[in-house]
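# Topology and contacts: notes
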Amino acid sequence: MSKAKKKSPSYEEAFAELQTIIEKIQNDEIGIDQLSENISRSVELIKFCKQKLRKVDHEIESLFEGE
Amino acid sequence: MDAFTLYDLNEFVRRAVSLNFPKAVWLYGETSQVNISGGHYFIEFVQRDEESDKILAQSSAILWADTARKLKRKMGRKMNLALKEGQEILVKVYVEFHERYGLKLNIIDIDQTFVEGQLAIFRQEQLAQLKKEKLLGKNSQLPLLPAIQKIAVIASKKSAGYQDFDKQLHKNPFGYQFKCRHFQAFVQGEYAVETISEAMDKIAWQENMFDAVVMIRGGGAKTDLMAFDSLELSRKIANFPLPFFTGIGHDIDESLVDLVAWKALKTPTAAADYIVNHNMVFESSLNEISFLLEREVRQLTTVQLQSLETFSKVAFFQSKQIVEKAQDATKFLEEKLNLATHTKLDSAQQQIEQFEQICKLSDPKRLLKKGYAIVRKNGKLQTQTKGLKKGDVLEIEFQNGKLDTTVD
């Protein structure tokens, strides 16, 4: 049985990847042709991170409310 | 020859005696023999030499049954002790001489204080013996459980004393429960020592079943306490493996058993009270401990709760801070990405536009519009007059078309 989906990254992994992409853009390491693809990936990562943070924030609130 | 008949002689003696002893007299003597028949006491009195113990004098005495009964009522069992063989006593006697029966001392009274004095001396001797054998504090050295619950009771079951003890114990105001086991014994009379001793043996055989022993004798009539001055019994109590309490109703004194007991109480009721009180003291100390424990625990838990409360708050705020910081970092990256992307795109865009401009400016059609023309010879660009000769055909391109011309 092959893996259908790649294991989802941790918040730290996503954040690190995002930083790398931005650095590459800034250093002109990404050509125009690859730009679209990389931006797309970055947006995906940002969305992921934001979602993760919202989830944790919500969990913390409910944990402390519950006591 | 002048001779008496026996009767005359005895009669003479009788009269002489009667004359000289019209009233009863008090007499010191030692009982060397005592025989009881039909309730009458037939006693042989002697007086011994203090040093050699040889008998110096001897006389028969009689205590008639009815007098004996009166004395018994007055003295109780002390009378029996007084009239034991080998006992020194002080008696009130009528000195009687009977022709047939000879000299007889008719006992009408026994001096109680003398008897008591003798008893006291005897008791002192026994006390000294107990001291010598180091038995006086022995039983009281036994440890007493903080709460007494299982009690062996030596008593005469039907006696008021036992009933009093039982009631006082079981109907105590604190609701303490006790498990009492009764061991029957006579607490007075000649079988007292024996039965008490037997009861003690039975108890000792199952000593693990009991926390303490209580010996009860009810008060009431001033009956004898002889048994409780028994050396044998006192020894037994002193050496007993369980704490031994006495609740003997005394008038004044303490008996020997009281002196060797773990604790002597004045009455059966007092004995019950003592035990109940003992348990109450224990309960009080438990209550106190319980109270202190509760207080300490409360304090501890309060302190802990406060710590937890503080920790909880800190944890909450720290967590929030971390999340906010991460959110800020993500936002920053997002903006950075935005900026970087737009910068790059803008930059590329600018370049393209520049090239576009250059291209526009470089377009030949622009020059043609300005009035310039493009000259070609044989399809090739001709930029100067050099190389041209007469008759050459030149193509001139104008903004609106081309035409051919010949060099003149």
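Residues numbered from 1 in each chain as written. Chains lettered and ligands numbered in written order. Predicted model: local features only at pLDDT ≥ 70, side-chain atom pairs only at ≥ 80, totals over all residues. Heavy atoms only, no water.

Residues and elements named next belong to chain A. One pass over the structure, following the stated rule, counts 19 salt bridges over all chains. A salt bridge links E44 to R41; the shortest N-O distance between them is 2.9 Å. Taken together, the residues E44 and R41, both in helix α2 (residues 32-66) and 3 residues apart, mark about one turn of the helix. Residue classification places E44 among the partly exposed residues on the basis of a relative accessible area of 47%. (Salt bridge = Lys/Arg side-chain N within 4 Å of Asp/Glu carboxyl O. Helix = DSSP H or I, 4+ residues; strand = E, 2+ residues; numbered from the N terminus. Buried < 20%, exposed > 50% of the residue type's maximum accessible area, 1.4 Å probe, protein only.)

Another point: the interface of chain A and chain B. Taken residue by residue, the interface counts 23 residues in chain A and 19 residues in chain B. Regarding the contact of chain A and chain B, the summed buried area is about 2,000 Å², with carbon and sulfur atoms giving 76% of it. Considering only the surface of chain A that becomes buried against chain B, I22, L53 and F64 of chain A emerge as the three largest contributors, covering 25% of it. At the boundary of chain A and chain B, one finds 4 salt bridges. Measuring nitrogen to oxygen at the nearest pair gives 2.4 Å for the salt bridge that ties E61 of chain A to K320 of chain B. Our count for the contact surface shared by chain A and chain B stands at 7 residue pairs in polar contact (both at pLDDT 80 or more). Elements with a contribution of two residues or more to the side of chain A that touches chain B: α1 (11-26) and α2 of chain A. Per-element tally for the side of chain A that touches chain B: the top contributor is α2 of chain A, with 13 residues. When its residues are assigned to classes, the side of chain A that touches chain B shows 15 nonpolar, 3 polar and 5 charged. (Contact = heavy atoms within 4.5 Å. Buried area = accessible area lost by both parts, 1.4 Å probe. Polar contact = N/O pair within 3.5 Å; in protein donor to acceptor, adjacent residues only side chain to side chain. Nonpolar A, V, L, I, M, F, W, Y, C, P; charged D, E, K, R; others polar.)

This part covers the nonpolar core. Residues and elements named next belong to chain B. One finds I154, I203 and M215 to be the most contacted residues of the largest nonpolar core, which totals 27 residues. Elements with a minimum of two residues in this core: α4 (112-132), β6 (150-155), α6 (192-205), β8 (212-217), α7 (231-238), β9 (244-248) and α8 (256-260). Apart from residues no more than four positions distant in its own chain, I203 is found in contact with A152, I154, F183, F210, V213, F240 and L242. Judged by nonpolar contacts, the second largest core, of 25 residues, contains L63, M75, I107 and V115. (Core = buried A, V, L, I, M, F, W, Y, C linked by side-chain atoms within 4.5 Å.)

Moving on to the sheet that holds strand β5 (residues 102-110) of chain B. All names here are of chain B. Strand order in the closed barrel formed by 5 strands is β1-β2-β3-β5-β4, and the pairing between neighbours is mixed. In this sheet, adjacent strand axes meet at a mean angle of 50° when their direction is disregarded. Sheet analysis places strand β1 (residues 25-37) next to strand β2 (residues 40-48), joined by 7 bridges and oriented antiparallel. Counterpart to N35 in the pairing with β2 is F42. In this fold helix α2 (residues 65-75) packs onto β2, β3 (55-63) and β5, with an angle of close to 30° to the strand it touches most, β5. (Pairing = 2+ DSSP bridges. Axes fitted to C-alpha atoms, helices over the stretch in contact; angles between N-to-C directions.)

With that settled, consider the confidence of the model for chain B. Residues and elements named next belong to chain B. Confidence along chain B averages 89 in pLDDT terms, with 98% of residues attaining 70 or more. Across chain B, the element-wise mean pLDDT spans from 78 in helix α3 (residues 78-82) up to 96 in β6. Interface confidence in the predicted complex, given as ipTM, is 0.77; pTM for the same model is 0.56. (pLDDT = per-residue confidence, 0-100.)

Residues and elements named next belong to chain B. Using the criterion set out here, one finds 8 aromatic pairs over all chains in the structure. Both rings, one in F4 and one in F12, keep their centres 6.4 Å apart while their planes meet at 35°; by these two values the pair is tilted. What makes F4 exposed here is its relative accessible area of 58%. Ring geometry for F316 against F317: centres 5.4 Å apart, planes inclined by 70°, an arrangement best described as edge-to-face. Each residue in the set F245, W262 and Y274 is aromatic and connected to the rest through ring pairs, giving one cluster. (Phe/Tyr/Trp six-rings, centres within 6.5 Å; stacked < 30°, edge-to-face > 60°.)

Okay, the sheet that holds β8 of chain B next. Residue and element names in this part refer to chain B. As summarised here, the arrangement of the 5 strands in space is β7-β6-β8-β9-β10, forming an open sheet in which the pairing is parallel. Pairing within the sheet leaves two strands with one partner each, and these edge strands are β7 (179-184) and β10 (263-265). Going across the sheet, the axis of each strand differs from the next one's by a mean of 20°, ignoring polarity. Summarising the sheet, β8 and β9 pair through 5 bridges and their orientation is parallel. Each residue of the ladder has a partner; that of M215, found in β9, is T246.

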